[in-house]
Amino acid sequence: MKFDLHCHSHFSDGDLSPKQLIALAIEQQITHLALTDHDTVDGLNQAQQAAKEAKLTLINGVEISATWRGQLLHIVGLGVDPNNAELLAGLQQNKQRRFDRAEAMIADLEKHGIEIGEELNKVLKDTTPTRPHFAQALINLGYAKNKQQAFKRYLVKGKPGYIALTWPSIDQVAAWISAAGGVAVLAHPLRYKLTRTKLLTLIDEMKEVGIEAIEVSTAVNDAQQVKMLTDIALQKKLYASIGSDFHSPDQPWSGLGSATELSPELVPVWQALGY
Ligand code: AMP
Ligand code: MN
Ligand code: MN
Ligand code: MN
């Protein structure tokens, strides 16, 4: 069995359709894939259909934006019921936040002399807006060479197009995932650049609200970082997950299926999912 429990399709900020994603997963010998688009479950239907044809197990997932002590966190829900009313209402709130932020971002870029609206609409089609969509529109308009450059010059704190956003609290997000029968996982724990002490505090508070898993193996962390996360998962008795956070074949550093296997001492999150 080979698991990859974190990736994106064009239903959020990924480049591939769910069907293309499944084809790539098969190429990478993945047997169990979770599609975890940002704040939406809209791609899961197509993904399930394609997975069925390809004989791959598709786990229904979602990556939900949350705020903890002013810090943006991503909480992955695995094994969620995509038709659950409470989850859908929560995701609808986050989608609305995204639309409101996009309006403010467009206005802020305009203040800096950048007219992004028309190009953004072409990039978006009918997807909920994410910052990578803005990055793509900035590239298309010649303001940046690639996404990394767009995220250096624009869209981040202190730069044109940055709008601060308060997402729901971790207990709210945990409640939506739990209502939908899912298991909640802290995504890419080292991405937030917290001190070790603060990360451990987050984990304690997160466990209190029912988030009992962390991604231990991600595509971008080196062996030493994976070891550190392994130790934390063991110390704090957390389920461990594997996720590449794949977005696009153009970002080879987070290739689908490229996250390393978990250490055998860990309890894998798929045990909690019944695999
Ligand atoms: P949002 O949730 O709309 O604020 O957008 C966050 C997403 O932007 C993340 O999930 C990443 O996929 C993407 N992102 C953030 N920073 C960068 C970067 N430096 N280069 C490329 N993508 C980035
Ligand atoms: Mn993303
Ligand atoms: Mn994320
Ligand atoms: Mn992600």
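Just so it is clear, the structure is predicted and the values come from calculations on it, not from any experiment.

(A) Inspection of the overall build of the protein at higher detail. The helix and strand tally for the protein stands at 10 helices and eight strands. Across the 275 residues of the protein, 54% fall into the buried class. Long-range contacts, defined as pairs at least 24 residues apart, comprise 72% of the intrachain contacts of the protein with a sequence gap of at least 6. When the 27 positive and 31 negative side-chain charges of the protein are each reduced to one mean point, those points stand 5 Å apart.

(B) Molecular detail of helix H3 (residues 85–111). Taking 1.5 Å of rise per residue, 27 residues should cover 39 Å, and H3 covers 39 Å from first to last C-alpha, within 8% of that figure. All of the buried residues in H3 are Leu87, Gly90, Leu91, Asn94, Lys95, Arg98, Arg101, Ala102, Met105, Asp108 and Leu109. Of the surrounding secondary structure, the elements contacted by the buried residues of H3 are strand S3 (57–68), helix H5 (131–140) and helix H7 (170–179). Taking the backbone nitrogen of Glu86 as reference, a side-chain oxygen 3.1 Å away marks Asn84 as the first, capping residue of H3.

(C) Structural view of the packing of helix H1 (residues 18–27) against helix H2 (residues 44–54). Running from amino to carboxyl end, H1 crosses H2 at an angle of 35°, the nearest separation of the two axes being 8 Å. Crossing handedness for the pair H1 and H2: right-handed. Of the residues in H2, those touching H1 at Pro18, Lys19, Ile22 and Ile26 are Gln46, Ala47, Ala50, Ala51, Glu53 and Ala54. Across the contact of H1 with H2, the residue classes tally to seven nonpolar, one polar and two charged.

(D) View of the coordination of the manganese ion (ligand 2). For the manganese ion (ligand 2), the protein coordination sphere consists of Asp13 (OD), His38 (NE2) and His247 (NE2), at 2.1 to 2.2 Å. Look at where the donors of the manganese ion (ligand 2) fall in the sequence and you get D-x24-H-x208-H. Here the manganese ion (ligand 2) and the manganese ion (ligand 3) are spaced 5.5 Å apart. With His38 in the loop between strand S2 (32–35) and H2 and His247 in the loop between strand S7 (239–243) and strand S8 (267–268), the pair connects residues that are 209 residues apart, well separated along the chain. In this pair, the class of His38 matches that of His247, namely buried.

(E) Structural view of the sheet that holds S7. If you trace the eight strands from one edge of the open sheet to the other, you get S1-S2-S3-S4-S5-S6-S7-S8, paired in mixed fashion. With partners counted over all chains shown, the strands left at the sheet margins are strand S1 (3–4) and S8, one partner each. Of the strand pairs in this sheet, S7 and S8 are connected by two bridges, and their pairing is parallel. Residue pairing for S8: Ala240 is matched across the bridge by Pro268. In the packing of helix H8 (residues 196–208) onto the sheet, the strands contacted are S3, strand S4 (71–78), strand S5 (183–186) and strand S6 (213–218), and the crossing angle to S3 comes to about 115°.

Quick notes on the rules
Residues numbered from 1 in each chain as written. Chains lettered and ligands numbered in written order. Predicted model: local features only at pLDDT ≥ 70, side-chain atom pairs only at ≥ 80, totals over all residues. Heavy atoms only, no water. Helix = DSSP H or I, 4+ residues; strand = E, 2+ residues; numbered from the N terminus. Buried < 20%, exposed > 50% of the residue type's maximum accessible area, 1.4 Å probe, protein only. Contact = heavy atoms within 4.5 Å. Lys, Arg positive; Asp, Glu negative; His and termini not counted. Charge placed at Lys NZ, Arg CZ, Asp CG, Glu CD. Expected span 1.5 Å × (residues − 1). Polar contact = N/O pair within 3.5 Å; in protein donor to acceptor, adjacent residues only side chain to side chain. Axes fitted to C-alpha atoms, helices over the stretch in contact; angles between N-to-C directions. Left-handed = near helix turned anticlockwise from the far one by under 90°. Nonpolar A, V, L, I, M, F, W, Y, C, P; charged D, E, K, R; others polar. Donors = N, O, S within 2.8 Å, 3.2 Å for Na, K, Ca; no water. Pairing = 2+ DSSP bridges.

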